[in-house]
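Structure at a glance
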Amino acid sequence: MVYEVFLSTKLDIDGLTKGSGFIVIKPEDYNLNEIKGIKSKGYKVLAYLNIGTIKKGEAWWTNYSEYKLKKYKDELEEYYIDIKKTAWQKFVAGRAAELRKRGFSGLWLDNIDIYNEYKTKEMFTALASIFFRCRIGGYIMINGGAEWIDEAIKRGETITKYIDGYTQSEIFYKIVNNSDGIKFEKQESLVSKALKKIVLSAKEKRIQCFVIEHVENINARARIKKWCEKNKIVYCFLPTARQ
């Protein structure tokens, strides 16, 4: 099964061979014929949809900036947004419906880590509500969200009611940004162990699980590949520049 993510570069559709699996793209970068072209090769096409932050300059900034929370990481013009607001949930669901009409197979929901920053019962429920509302968009995969997954399992939730797939990155190697640029460091042992446990627990709950790693070292990739294949987890190695 193929799993590829194209967020900052465009997929060469003509050079794409026939196969099966998932390809994630930014919907604004592709027209209807291009989406059909990817699907005709046998792949499910997932549209990137940011549900947890808002950026100054986005078309919907004026309507929803009043719901912004603290800044998102080190970004200057990006903020977490209060996903508990009904207006925001309806807006996200509307975008999901529009993307489905454009022919996408489903959605790749991003910035689920808002739950890590605001870990409350209300935020847990708000995310669950957004996932459920987005079902109109077809197949639902979340990017990250380990802590939400973990809490859902502890609560005894039927996770498949909300999502179909779950992608986790930086299980083995984390990305570190400093003055010298981007480098990779081995993930802390306890963090790595915890993330592996959550991924395997999600798999037991019949969620399709995927691993993304950016490390380029051949030996490191071999170790990651071995763990993923042993546990029947689909994996993807991305050069940092591509995602």
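Below: a short report on this structure. (Residues numbered from 1 in each chain as written. Predicted model: local features only at pLDDT ≥ 70, side-chain atom pairs only at ≥ 80, totals over all residues. Heavy atoms only, no water.)

**Remarks on the side chain of Glu213**
The condition that has to hold: By the criteria applied, helices consist of DSSP H or I runs no shorter than four residues and strands consist of E runs no shorter than two, each listed in order from the N terminus. Think of it in three bands: with a 1.4 Å probe and only protein chains considered, a residue is buried below 20% of the maximum accessible area for its type, exposed above 50%, and partly exposed in between. The positive count covers Lys and Arg only, the negative count covers Asp and Glu only, and His and the chain ends enter neither. The salt bridge criterion pairs a side-chain nitrogen of Lys or Arg with a carboxyl oxygen of Asp or Glu, the two atoms within 4 Å. Identification of polar contacts relies on pairs of N or O atoms within 3.5 Å, with a donor-acceptor requirement for protein atoms, meaning one able to donate a hydrogen and the other able to accept it, and with residues adjacent in sequence counted only if both atoms are side-chain atoms. Between two residues, a contact is recorded if the distance between any of their heavy atoms is within 4.5 Å.
By the element assignment, Glu213 lies in strand 12 (residues 208-213). Here Glu213 is buried and forms no salt bridge, its nearest opposite-charge partner Arg221 lying at an N-O distance of 8.9 Å. A polar contact of 3.4 Å, which involves the side chain of Glu213, links it to the backbone nitrogen of Glu170. Leaving out residues up to four positions away in the same chain, Glu213 has contacts with Ser169, Glu170, Ile171, Phe172, Tyr173, Ile224, Cys236, Phe237 and Leu238.

**Considering the sheet that holds strand 7 (residues 106-110)**
Stated formally: Here, strands pair whenever DSSP counts at least two bridges between them. Fitting a line to C-alpha atoms yields each axis, with helices limited to the stretch in contact; the angle taken between N-to-C directions then spans 0 to 180 degrees.
On the basis of which strands lie adjacent, the open sheet formed by eight strands has the order 1-2-3-7-8-9-12-13 and parallel pairing. Only two strands of the sheet have a single partner each, and these edge strands are strand 1 (2-6) and strand 13 (234-237). Each neighbouring strand pair of the sheet contributes to a mean axis angle of 20 degrees, computed without reference to strand direction. Bridge analysis of strand 12 against strand 13 gives four bridges, and the strand direction is parallel. When the sheet's bridge partners are listed, Val211 is paired in strand 13 with Tyr235. Strands in contact with helix 7 (residues 189-204) are strand 9 (165-169) and strand 12; relative to strand 9, the strand with the most contacts, it is inclined by about 170 degrees.

**Side note on the packing of helix 6 (residues 146-155) against helix 7**
Note the cut-off: For this classification, under 35 degrees means roughly parallel, over 145 means roughly antiparallel, 65 to 115 means roughly perpendicular, and everything else is oblique. The crossing is said to be left-handed when, going from far helix to near helix, the turn is anticlockwise and less than a right angle, and right-handed when the turn is clockwise.
Viewed as axis vectors pointing N to C, helix 6 and helix 7 meet at an angle of 55 degrees, and their least axial separation amounts to 10 Å. Here helix 6 is positioned oblique relative to helix 7, judged by the angle of their axes. Viewed along their axes, helix 6 and helix 7 form a crossing whose handedness is left-handed. Contact residues: helix 6 offers Ala146, Ile149, Asp150 and Ile153, while helix 7 offers Leu195, Ile198, Ser201 and Ala202.

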